[in-house]
Structures are given as C-alpha cells and as structure tokens.
Amino acid sequence: MSAHDAQQRDEYLNRAIRLAVQNVSDGGGPFGAVVVTADGTVHEGVNRVTRDHDPTAHAEVVAIRRAAAELRKFDLTGSVLYASCEPCPLCLSATLWARIGRVYFAADRHGAARAGFDDAVFYEYFAGSRPELLPVEHAQLAAAEDPFEAWKHHTRRTSY
C-alpha cells in the first residue's frame, strides 16, 4: 500500500471513529462506518439499533443503505467500506451482497466484546461450534421451488 493510500485509509477510518464517538454522545451505539463509492462519493452511517428499534441498523448497513439509495443501485462494485470496528457477520454479509470490494476496520471484535457487545459468539456460530444458538431446520415442502420457477420464467426480472 502506498503512503497516499494508507493516509486516505486512515483518514476514512478516523472519520468512522469520530462518527462512532459522536453517536455515543447522541445516545446511540459506539459504531460508525463510511462507504466510499467508485465515484469517490462518501456515505456515512452510525449504529441506529436502539434509536430505530431495528436490530439490523448497524453502522455498516446504514452506510451501505445510504450509498445504494443515493446512487439508486444495489451493486456497489468498486466501493470501499471503512468501519470503526470489525464488521460482524451481519455487516460482512451485507457488504458481500452490496459487492463492496474491500473493507478496512479499526477496533476488532475482542475490543467490542470487552465493551459488552457479544459479536464474538456469532463468529463461533458461523464456524459451526455453537449450533445451539440458533437451530435451523430444512422443511421439505412440495411447493418449495415454486418461487424460483416463477423467477426463472419472469421476463422482466432484475437480476442481482
């Protein structure tokens, strides 16, 4: 990484950290994120879980939603996500679905755990070592494939 790239990375990470600190002052969670899209536009997000009563309103997801809405597209190829803390599995999944190309983060999941956030246990779940956290069961139904058949035969669908 060039010195210029490292300076830019640190600038956006510090911006995400400032957003997180301000969000705590505003009564929200200690997380901030910045998505910089391929055209150089900056889209910010802060944790709004308690404010919006939305368990999916993590800072990274909020920033991704804003970027997608402002660009009026769901494919954010060429974008970079900068997060004040290591993205949890929810945020990593949203980042993958958005086709964001790179993620940088400042604090890690262990720091979040020391502050009382239980993200670390979710990593255990996805690693397969804590399946009891959320039992998931496949139910075989005759109509299970009907939505996919409807999708395949719909001529005006928008692929993603």
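The shown structure was predicted, so the numbers you read here are calculated from the model rather than taken from an experiment.

**Q** Provide a residue-level description of the overall build of the chain, including the pertinent values.
**A** The number of helices and strands found in the chain is 7 helices and 4 strands. With the principal axes as the frame, the chain shows a C-alpha extent of 55 × 40 × 35 Å. The buried share of the chain, reckoned over its 160 residues, is 32%. In the chain, the share of contacts with a sequence separation of at least 24, taken over all contacts with a separation of at least 6, comes to 47%. About 10400 Å² of surface is accessible on the chain, with carbon and sulfur atoms providing 55% of the total. For the chain, the centre of its 17 positive side-chain charges and the centre of its 21 negative side-chain charges are spaced 5 Å apart.

**Q** Explain helix α3 (residues 59-71) to me, using residue names and the numbers behind them.
**A** Helix length check: α3, at 13 residues, gives a terminal C-alpha distance of 18 Å against a target of 18 Å (1.5 Å per residue), a fit within 8%. Along α3, the residues that are buried comprise Ala59, Glu60, Val61, Val62, Ala63, Ile64, Ala67 and Ala68. Buried residues belonging to α3 abut β1 (32-36), β2 (42-46), β3 (80-85) and α4 (89-97). One or two positions beyond α3, positive phi appears at arginine 72, with a value near 60°.

**Q** Which residues make up the pairing of β2, and what are the values?
**A** Pairing analysis gives 5 bridges linking β1 to β2, with the strands arranged antiparallel. Its bridge partner lying in β2, alanine 33 is registered against glycine 45. Counted between consecutive antiparallel strands, the loop separating β1 from β2 contains 5 residues, among which glycine 40 sits at a positive phi close to 90°.

**Q** Can you tell me about the pattern of salt bridges, naming the residues and giving the values?
**A** Under the counting rule described, the total for this entry stands at 8 salt bridges. A salt bridge links arginine 9 to aspartate 10; the shortest N-O distance between them is 2.8 Å. With a relative accessible area of 34%, aspartate 10 lands in the partly exposed category. Among the ionic pairs, arginine 65 bridges to aspartate 54, the shortest N-O distance being 3.7 Å. Of this pair, arginine 65 sits in helix α3 while aspartate 54 sits in the loop between α2 (49-52) and α3, and the two are 11 residues apart along the sequence.

**Q** Requested: an account of the pairing of strand β4 (residues 102-107), with residues and values cited.
**A** Two elements, β3 and β4, share 5 bridges in a ladder whose sense is parallel. Looking at β4, one finds that leucine 81 is bridged to valine 103.

**Q** I'd love a proper account of the sheet that holds β2, names of residues and values included.
**A** Read across the open sheet, the 4 strands follow the order β2-β1-β3-β4; overall the sheet is mixed. Looking at the sheet topology across the chains shown, the edges are occupied by β2 and β4. If you compare each strand with its neighbour and ignore which way they point, the axes differ by 15° on average. Sheet contacts for helix α1 (residues 3-25): β1, β2, β3 and β4; angle to β1, the most-contacted strand, approximately 140°.

**Q** Please give an account of the nonpolar core that cites residues and values.
**A** Inside soluble globular proteins, nonpolar side chains tend to come together where they are buried. If you look at the biggest cluster of nonpolar residues, it comprises 17 residues, and the most contacted ones within it are Ala33, Val35, Ile64, Leu76, Leu81, Ala98 and Ile100. Of all the secondary structure elements, the ones that give two or more residues to this core are β1, α3, β3 and α4. The dominant element in this core, judged by the number of residues it contributes, is α3, at 5 residues. Leucine 81 has contacts with Ala33, Val34, Val35, Glu60, Thr95, Ile100, Arg102, Val103 and Tyr104, leaving out every residue within four places of it along the chain. Residues Leu13, Val46, Tyr82 and Tyr104 belong to the second largest nonpolar core, which totals 10 residues.

Thresholds, definitions, all that
- Residues numbered from 1 in each chain as written.
- Predicted model: local features only at pLDDT ≥ 70, side-chain atom pairs only at ≥ 80, totals over all residues.
- Heavy atoms only, no water.
- Helix = DSSP H or I, 4+ residues; strand = E, 2+ residues; numbered from the N terminus.
- Buried < 20%, exposed > 50% of the residue type's maximum accessible area, 1.4 Å probe, protein only.
- Contact = heavy atoms within 4.5 Å.
- Areas by Shrake-Rupley, 256 points an atom, 1.4 Å probe, with all protein chains shown as cover.
- Lys, Arg positive; Asp, Glu negative; His and termini not counted.
- Charge placed at Lys NZ, Arg CZ, Asp CG, Glu CD.
- Expected span 1.5 Å × (residues − 1).
- Pairing = 2+ DSSP bridges.
- Salt bridge = Lys/Arg side-chain N within 4 Å of Asp/Glu carboxyl O.
- Axes fitted to C-alpha atoms, helices over the stretch in contact; angles between N-to-C directions.
- Core = buried A, V, L, I, M, F, W, Y, C linked by side-chain atoms within 4.5 Å.

Interpretation in functional terms is not warranted from these geometric data alone.
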